[in-house]
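As a plain string of letters, each chain reads:
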Amino acid sequence: MLIKEEWPLMLFTMLSQFAIGTFSLLIVVSSFITTDSMDVVSTVVRPGIYASVLVMALALVCSFFHLGTPYVAYMSIANAKSSWLSREIITGGAFLAFAAAYAYTCYSGSSTILLGWLAVIIGLTNIYCMANIYRATIFPAWTSVNTFISFYCTTFALGTLSVAVSIALSTQGAPPPEVAAAILRRLLYLTGLSLFIPLLYLPVFLRNLYSGNAASIASARLLGNYSLPLVIRWMLSFAGFGLLLSAVLHQAVSAQALSTGLIYAAAGLILAGEFLDRYIFYAVAVPIGIAEMIGCDPER
Amino acid sequence: MPQLGFYYDMTVCSSCKTCQIACKDKNNLDVGINFRKVHYFEGGKFPNPWAYPISMSCNHCAKPKCVENCPTGAMVKRSEDGVVIHRKERCIGCQMCVWSCPYGAPQYNKKAGKVGKCDSCVDLRANGEQPACVSSCLMRALQFGDIEEFRQKYGGTVDIKGLPESGITSPNTVITPNQYALSVNRRLDNVD
Amino acid sequence: MNLIKKAKNYIMDRTPSSMLPGRGLSKTSTDSQEIDCQTGQWVTAACWHNCGGRCLNKVLVVDGVVVRQKTDDTHVDSPDFPQQRGCPRGRSQRQQVFGVDRLKYPMKRKNWEPGGGNKELRGKDQWVRISWDEALAIVASEAKRIKEKYGNSAIFIPSGFEMQRVLSLYGGYAERWGQVSWGAWPGVYPFITGMKTPQGGDTEGNDRFRLRKSKLIILWGANPAVSSNGNPAYNYLQAKKAGAKFIVVDPLYTDSARVLADQWIPCRPCTDTAMILGMIYHVVINNLHDQLFLDTYCVGFDAGHMPAGADPKENFKDYILGTYDGQPKHPEWASEICGVDPAVIRNFAEEYASSKPAAIITGGAPARINNGEHLPHAMLTLGFVTGNHGIPGSGVSPCMHNKATYAGPDLVRPGFNGIESIANPLCHIKINNGEMWDAVMTGQYIAGKGEIRDINIQMICHGSASCLNQRSGTTRGIEAHRQVEFVVAQNYVLNTDAQYADIVLPVVTQWETEGGGFAPGSNTEIVIFYSKVIEPLYEAKPDIWIAREIGKRLGLDSDKIDPIPPKQAVFNQIAGAQVIKPDGSGYEKLITITEEDLSGLGVQGTPQTGRIPYKEFVEKGIYQVPRSPGDNLEYTTFTAYIEDPEKNKLQTVSGKFQIHSQELSNYIKAFGWTTKSPIPVYEPTREGYEEGLKDGYTHQLVTIHYQRRSHSVFDNVPWLREMFPQEFWINADDAGKQGIKNGDIVKIIGRKGAFFRPAYVTERIMPGVVAVGEGAWVEIDEKSGLDKAGSANILYGPVATGQGHTGYNSCNVKIEKYHGELLPDVQWPLRIVL
């Protein structure tokens, strides 16, 4: 079963994208917050930073489960010269290191935003390397620019989501500070884009697949078999976005507390959608290979 | 140093699979792992069916994606003969090479947690012998040697109907095809 | 240190998991190749299988363990002097000999007791390990008890050279007889040509160099690329390169057709005779026949050239023209029957008639049909009609199996081992393959025309020939095995015969044989001498040891049973080995033996001079006669007769080729099953094309040789199961009509049984014909009661016709989609019992 085989990579990619997305957005948020809003920093940003470091570590642990011989995994950085996998591991490790360093500086009170930005750049580069790994394979469904779109959009969708959850968590019951609310409203745009762009690209992706080689066409057909899950994926994402939108707008209009129930529900739906999307990503991969033709069917 | 590779004459190959078994025996492979495989293709319409086999292991490509993508450098293209070998001690079993080879040459061994691949029997060749598949072939359809010499001598091609497009990795294999194996309109022909 | 233990642990680290496991000891070696080259030794290992090849396989033995194999590298390979390379089966022997399913200990069926116990459980019972003493005691006591209660004729030994020797000294046993491999050829060839050959013309035709002279080679129901692994297909390739045109006649577009044929003619099974007659008609009415040849060398063609005492109206030409029966045998008539387009038949006939020399080489398949005597007769006559006999590169013969492309006498051969056979006092009790299981059930069999005899079989002893699986009527055979009081089998794996036995005795393979031996029946140009590779595994014993021990317990003289120690017997063969002189004028000794060799071996013998020293011969493992085109060893049959028919008369009654043979007709009649006219005619075959049309068994099944196995041997080997899935061939249009797609599981129903298999839907087989590989081990699926392995003999028989040969290719079947699960064979559990 696919989950049984590919769960380490599914989790690894999802979790690292989640972590990098969260961290990056929190750094962005931090950069626009003045020292007046230190409480926002401590209640929203810091927990998020710590969480993203932990999640990134968890992601890397998951990746070990994919390896057949994990105890020599340290050798995997040896071929950065040509291997995107080497590069991904290096940037992934580096991100974790810098993010952890920044987290420590936060904890010890002397946070250096520059360190944070460095981690962000490394992290976003890590996503770039991750997507390039798939681009370097022989799976037409993965070598498409769709992979880049998908990975970055997941990064930001999950990132914005965790900021929203963070804000909701920390402002339970009470209306959020205007700063936080403003951040949330701006992030909504990003969430919307992250969910909408992949859908916009889907027809282009499909058309390109259908006009490729045998493996490419087989992938397109397989994607067709996953029509129902795909529809569900988008319904989950947009339902989630809808909930998020209504929660944020309602708050903006009513100046009340954020509806945590709605936020959590939105997070759950969007997370489910992203996970389903990632599952489909792995499920429709058909490799270019030797197309054996033993026997034939009468319809030919 | 000359690039070495396999020459395969599909017109005389009887698809007996002796090469596949000789390779399994030499490399101690379990069921499910075949460093060399005999593929079969058929079509046409009775009473004019056509068929052809392709016996293929590793093509020791000029642009080996497995070498490019391997994170540990376990996959290496030797400078002395251009043969791509797999250094087991450096393999972490990430299967990146399996995801990179259009010909399915690297095969993952779940029990060992590592990948394995045809290495043109470098140890036998060091002893002056031929690769196991070549010396086992009942119809003498396989040869291993200087690939340029094979190209000159036999012409041949690697763009065979059913094989991935040769431009991806530039395989160093020469195949003498039968007429049905020549790639015409590859895209449409390969559709099931 | 216990060598076996060491062997096991060494095997475990370097061997695939389907081979014998280690005993938990840790790995001591580092890099396998390094160790191998330093400490290993190459030993010639027996490849003892009945595939026709028996090629050179060698194994690398390191510390008493086989680590890998190689094939012939004793000389540089060339088309004229080719290496004797092993095939996929030979190269899998390591998995075969060391399989985890090797029988380790003597076993008794749990629910057996003297008298049979619960006989219905044979084939599905549990096994209990017993000691050799107990096992041998049971076999001896059962033989004694059954002999005393029912008489010796109750003991049936369908195969098993060693047990036959025991029973021959103990009052005798009921024998089995009947041609299987060469179909109807053996009973026909001597009457038509006067030549007595082992299998009805198998040694006749052309050797591989003469084949290069053929202008046209017709492979008629012959598929050497699959059925004669080793060099035959490669030898044919040389003929093709030398300019021979190839035509393949076969219902399947085989790999031989693909590689060699310029034209493929699909012909329905059992109807080749009709096509041949259609061809002859076309040749005769267009005066393309060789009248001079017919007048000079044959009798029976026309009324003016009949054998003495024959009715002139019974001439062949008038039959062809339809003078008396009103049916001219023209290509249209033939086409209705054989399914070949009349234009194709005409072209084929003309091509054959105008190509000289043209060789027709047939496999056994077209003649492995019920009442099939007309096929060899007609095929030979086709050659007579066009004068294509006796010219180098021409001929008609069933030159197949180990003789394919190697017609002629053995150019090198081992000597006699010195073991005289023991006459069976009951040698007149012979039951034909086509009756034996019925005889067990009904208590009767036919011993010649009109003579029905009683028989009461209560004990079956199985030796090496896998009779339950490999003779037709397996369904009936299983019933028979559940009827008798006692079944004993000797084998090294739990094959079908062993599975249905009460006592199973584990035997050694030829890799474990003391003193090694000659691989019997390779091609004419080689002898292969194998050495012992390893000690016997577990408690396996040699067959002859078992015979000796049972003989002891029956109060017989064991030295009569086993008169010559293995080392001496083998030495006798070495000392007596002969090779043809380079000028072809006679034979000379092959091996030089010195006093030193003799004393080293500890055998009796005298020193001699030969071509190759003893030690070199054993080490090399092979002697191959050096040959080249035009050497004095080339062979074509009947050249002397054609050159001077008066001086070199044939051994037939007329001294000539007999297109009309009353003697053949009488011979067949005397068997008591079917009849045959003196000339070749077309007669519908029992369970042939016409019968199937009548009662809804819509398809004709051909049982092909299959590369997973050598007959039934190797069926259990995982590598081979992986590569050859035992598919069921069905034409794409036929499949489409029944909604069957490639890979669907289909149920195949014969008149006597059914099995299910994955369908191989293909354009490579003619409509109305289906095919499956022969030799799969019966595996009855408990739920459905059907065989799920695709064992062909489940479907039909037993049927006895003609000369008592088996008509494997006369089988009508129905096909249905099967709604049930079937795992790929490679995923089935191995038969590991204890």
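Residues numbered from 1 in each chain as written. Chains lettered and ligands numbered in written order. Predicted model: local features only at pLDDT ≥ 70, side-chain atom pairs only at ≥ 80, totals over all residues. Heavy atoms only, no water.

Draft legend 1. Molecular detail of the pattern of salt bridges. Considering all chains together, one arrives at 64 salt bridges over all chains under this definition. Asp81 of chain B is the salt-bridge partner of Arg78 of chain B, the closest N and O atoms lying 2.8 Å from each other. Of the residues examined, Arg78 of chain B reaches a relative accessible area of 21% and is grouped as partly exposed. For Glu525 of chain C, the salt bridge goes to Arg208 of chain C, with nearest N and O atoms at 2.8 Å. Taken together, the residues span a long stretch of sequence, with Glu525 of chain C in the loop between strand 21 (517-518) and strand 22 (526-530) and Arg208 of chain C in helix 7 (residues 208-211) at a distance of 317 residues. Across this residue pair, the class does not change: Glu525 of chain C and Arg208 of chain C are buried. Overlapping salt bridges, with partners in common, bring together Arg708, Arg709, Asp715, Arg721, Arg757 and Asp825 of chain C in one network. (Salt bridge = Lys/Arg side-chain N within 4 Å of Asp/Glu carboxyl O. Buried < 20%, exposed > 50% of the residue type's maximum accessible area, 1.4 Å probe, protein only. Helix = DSSP H or I, 4+ residues; strand = E, 2+ residues; numbered from the N terminus.)

Draft legend 2. The interface of chain C and chain B, seen in detail. Residue-level contacts link 50 residues of chain C with 43 residues of chain B. Counting each side, the surface lost to burial between chain C and chain B is near 3700 Å², with a carbon and sulfur contribution of 53%. One can count 5 salt bridges joining chain C with chain B. Of the charged contacts in the structure, one is a salt bridge between Asp77 of chain C and Arg140 of chain B, with a shortest N-O distance of 2.8 Å. The interface formed by chain C and chain B includes 22 residue pairs in polar contact (both at pLDDT 80 or more). For the side of chain C that touches chain B, the secondary-structure elements that each account for two or more residues are strand 3 (65-71), helix 9 (232-241), helix 10 (255-260), helix 29 (718-723) and strand 32 (754-762) of chain C. No other element matches helix 29 of chain C, which puts 5 residues into the side of chain C that touches chain B. Across the side of chain C that touches chain B, the residue classes tally to 23 nonpolar, 15 polar and 12 charged. (Contact = heavy atoms within 4.5 Å. Buried area = accessible area lost by both parts, 1.4 Å probe. Polar contact = N/O pair within 3.5 Å; in protein donor to acceptor, adjacent residues only side chain to side chain. Nonpolar A, V, L, I, M, F, W, Y, C, P; charged D, E, K, R; others polar.)

Draft legend 3. Spatial organisation of the packing of aromatic side chains. Per the counting criterion, the structure on display carries 57 aromatic pairs over all chains. Here Trp84 of chain A and Tyr128 of chain A contribute two aromatic rings whose centre-to-centre distance is 5.7 Å and whose plane-to-plane angle is 85°, an arrangement assigned as edge-to-face. With Trp84 of chain A in helix 3 (residues 84-108) and Tyr128 of chain A in helix 4 (residues 113-135), the pair connects residues that are 44 residues apart, well separated along the chain. Judged by centre distance (5.7 Å) and plane angle (50°), the ring pair of Tyr128 of chain A and Phe148 of chain A falls under tilted. Of this pair, Tyr128 of chain A sits in helix 4 while Phe148 of chain A sits in helix 6 (residues 146-170), placing them 20 residues apart in sequence. Here Lys17 of chain B stacks its cationic end above the ring of Phe724 of chain C, 5.0 Å away from the centre of that ring. (Phe/Tyr/Trp six-rings, centres within 6.5 Å; stacked < 30°, edge-to-face > 60°. Lys NZ or Arg CZ within 6 Å of the ring centre and 35° of its normal.)

Draft legend 4. Local environment of the interface of chain A and chain C. Across the boundary between the two partners, chain A contributes 6 residues, which contact 10 residues of chain C. The junction of chain A with chain C conceals about 570 Å² of combined surface from both sides, 59% of it contributed by carbon and sulfur atoms. Between the two partners, chain A and chain C, sit 0 salt bridges. Along the contact surface separating chain A from chain C lie 2 residue pairs in polar contact (both at pLDDT 80 or more). For the side of chain A that touches chain C, a count of residues per class yields 3 nonpolar, 1 polar and 2 charged.

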